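Fold and geometry: a report
For reference, the chains in residue letters:
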Amino acid sequence: MASIASDSTPTVLVPRRRNGLNPACEPCRKAKVRCDNTSTAAVCTRCRKRQTPSQCIFLEAPMTGQSSRPPRNRPRPHPEASNPAPIVPPILTPSLSNLTQQSLKAPNSGFFGSTSFSATLHQATDGLPGTQDDIDEDPQAVSARLSLGVEVLKLLPTQAVGTMLMEHSATNSGEVGFPKAVIKETFSSFWAAYGSHLNEPRSTRQLEQLSQELNANTRCSINQNGNSNQWKASFTGLNTRWESVGIVFGAFAFGAAAFSERDPLFKPELGVKSTRKEYLSTMKKCVELCIQLCQHMQSLNTLLCNLLYKNLLLETIIQGDSSISVWRLHHDLAAVATALGLHCYQGTPEITIQSEMTKRLSACCFWSDKEISMFTGRPPAMSRRYYSCPLPYDVSDDALMAGGGTLVHELDRLDVHGWNQDGLMHNSTICRMMVHDAVIQDEIMELFIGSQNEFSMERINALRVKIVEVYSHVPSILEVTKESLMAQESDSLMLRLLFGRLDYIRIHFLLERLATERGGESKKNLLEVAKEIVDLVVFLWLQRDRSINRHYDYDYIIMCYGMPSTGILCTQLLKQTQYPEQFDPSVRLSRSEVVQNLSLMVGFLEWIRPSAGNYKLCQRMAKGIKKVLDQVFEPAVEIPSVLGGEADSDIMQVDESWIDELDDWDWLNSIDWSRGQHMDFLQ
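Treat the numbers as computed from the prediction; the structure is a model and nothing was measured.

Parameters and conventions
Each chain has its residues counted from 1, following the order in which its sequence is written. Selection of residues for local features in this predicted model requires a pLDDT of at least 70, selection of side-chain atom pairs for listing and counting requires 80 or more, and totals for whole chains, interfaces and linings are taken over all residues. Hydrogens and waters are ignored; side-chain quantities use all the structure's heavy atoms. The term salt bridge refers to a side-chain nitrogen of Lys or Arg lying within 4 Å of a carboxyl oxygen of Asp or Glu. Exposure categories follow from relative accessible area, calculated using a 1.4 Å probe and restricted to protein chains: below 20% of the type maximum is buried, above 50% is exposed, and the middle band is partly exposed. The numbering of helices and of strands both runs from the N terminus, where a helix is a DSSP run of H or I of at least 4 residues and a strand a run of E of at least 2. Residues belong to one nonpolar core when they are buried, are Ala, Val, Leu, Ile, Met, Phe, Trp, Tyr or Cys, and are joined through side-chain atoms within 4.5 Å. Note on contacts: a residue pair is in contact if any heavy atoms of the two residues lie within 4.5 Å. Disulfides are defined as cysteine sulfur pairs within 2.5 Å. Every helix has an expected span of 1.5 Å times one less than the residues it contains. Fitting one axis to the seven residues ending at a residue and another to the seven starting there, the bend at that residue is the angle between the two axes. Two kinds of site are reported from a 1 Å grid over the protein atoms alone, namely cavities, where a 1.4 Å probe fits but cannot get out, and pockets, open sets with protein on both sides within 12 Å along at least five of seven lines, and residues are called lining when an atom falls within 4 Å of a point. Grid points are joined across faces, edges and corners, and a volume is the space filled by probe spheres set on the points. All amino acids are sorted into three groups, where Ala, Val, Leu, Ile, Met, Phe, Trp, Tyr, Cys and Pro are nonpolar, Asp, Glu, Lys and Arg are charged, and the leftover types, Gly among them, are polar.

All right, on to the pattern of salt bridges then. For the structure on display, the rule yields 31 salt bridges. In this structure, the salt-bridge partner of Arg202 is Glu200, at a minimum N-O distance of 3.4 Å. Among the residues examined, Arg202 registers a relative accessible area of 16% and is labelled buried. Overall, Glu200 belongs to the exposed group, its relative accessible area being 53%. Among the ionic pairs, Arg546 bridges to Asp491, the shortest N-O distance being 2.7 Å. Of this pair, Arg546 sits in the loop between α21 (524-542) and α22 (554-578) while Asp491 sits in helix α20 (residues 491-517), and the two are 55 residues apart along the sequence.

If you look at the biggest cluster of nonpolar residues, it comprises 176 residues, and the most contacted ones within it are Trp242, Phe249 and Leu605. Residue contributions to this core peak at 14 residues, all from α20. When sequence neighbours within four positions are dropped, the list of residues in contact with Phe249 reads Val152, Leu155, Leu156, Pro157, Met283, Cys286, Val287 and Cys290. Val43, Cys44, Cys47 and Cys56 belong to the second-largest nonpolar core, a separate cluster that totals 8 residues.

Following the criterion strictly, the structure yields 0 disulfides and no others. Residue Cys365 stays outside any disulfide, its sulfur separated by 3.9 Å from that of Cys305, the closest cysteine. Classification of Cys365 as buried rests on a relative accessible area of 2%.

So, about α22. Taking 1.5 Å as the rise per residue, α22 with 25 residues should run 36 Å; its terminal C-alpha atoms sit 33 Å apart, in good agreement. The largest bend along α22 reaches roughly 45° and is located at Gly562, with the proline Pro564 sitting one to four residues downstream. Of all the 25 residues making up α22, 23 are buried; the element is thus mostly covered by neighbouring parts of the structure.

Attention now goes to the layout of surface pockets. Counted as a void, the second largest pocket has a volume near 1100 Å³. Only α5 (159-172), α11 (302-319), α13 (353-376), α16 (427-449), α20 and α22 provide two or more residues apiece to the lining of the second largest pocket. For the lining of the second largest pocket, the leading source of residues is α20, giving 7 residues. Of the residues assigned to the lining of the second largest pocket, the class counts are 21 nonpolar, 12 polar and 12 charged.

In structure tokens, the structure reads:
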């Protein structure tokens, strides 16, 4: 048998067990499979195949963690990992040693901070040998996981359909937290390694073997110290894990969402015998089953957290952003993110693909927390007061994957704040803006739904200055106009600039709402910002042919950005129609302009398809805007009584008192966003 020996490790034959059988190394023992290693200096076939020689060790007493062989200095590199690790000075990332006291924690328990049960014993136990828990699993639980894995693998699309979905996802998904090239490589390497198990017709016995392999791989740790190839090799190919399979299923789901409902892909002769929404739900179910398998095996890592983030996004597409299922999944994501310590970066101070992906994932989790909280008006789960993860550096995915001199060259071109100076909109650029937006949104949420005693115009003005300062590093966002967007040749860049502008002015909109409602300022600035948001949302719909594969996001965009601003314009239009003499000309709206945009907004809302998660919300909002327009153009008419010339209230009477009640600009809070066939403010 071939073996890999270390010069510093003597060859020692492993003694047989008392029953006469050879003992198994730790990975094989935990996976309950036969091990063919008999020497402490050798690596068994199974560990060699998985490129994890450092884990191929024997314990004389497994319950105590006493090893008969010291661990190797470093894992054996993957054969394809030829590029050197990036040589970057370990600067610009603050030390968090006082926050990373994780001794005495159980395996996979996650991050423990300075107030945890183990913090005071950190110094006392530093340097002492650790212990390793021996997990004695119930055979029934092992069998159940095996069967669950087979169920997931049976739902895996054929290679041809999977390739089509993967390509469509890579070119149309708006994801910025994980390199799309890595997802594609995960899919291709999985088929290259296990294609014989997945060819049609699929054998249950072969799927059980594959499920057992994936279960064993999921128990292994992911390489966090090597270069990009070594990092990828630890969860792709023969090392594919359930987290990897879940990420592939997530890409299939986003690919299916980007297709039209009438696309030929969803015809029975192509093998997808279901509608687009049904197929999307099936792929999401597979994502959830992969998460369940990882949780059964106590897996806790950034891949799992990334999978939870994708699952949350898919739930918003299918069920809508106001559903209680989204709220629960959102808190599951926040719980895992903080358990991993993503709120206070725990990785290496060096700039590597792993460190940057961790920061991006942290940014996505923090941002989604604020988005969902803002959408529902509920308190966020992750406070800015406990968020200290550094921003990802504004470099391209290609540079991160290449590492070495390519990465150093891009890092040298960044400004002192870490932004690229070429005006490019990298995925990392978006992530950086997401964090800045989320920090400001968190403070705005505190002013809206927190203690009223904390409000002051000084805080509002400080936030106004802060948001302008942040976006001064991305001047292309500040210069966005409809004309500049139409002039963009790249559709994807046009969308990024449009969404960046919407995020920027939405923060101004919220600040102006606070300044008007609580600070008593004029409504002029609020109305100007509201008009710009509505104008851009309508522009997106009019230019929908340039984002035909992102239509699944439109129901969220119109509800998140369009409706709050539309509500402000509806309120102002109604009040100046009802009481024209009471309005200052400086805050009077152009009736023609507003009515045109409101009419287009109704068209946008009614265009949303029934398969969209927020479809019912869009329909209710459309009815509300129509009622406002009817009131503007067809005010109530009193019909004189045939008896005495007095109005007959029983024939026709419209209660207009609700218009006066809108003067506090808080009417959107009275809408039941989650159920019901009407809106309270229009009763």
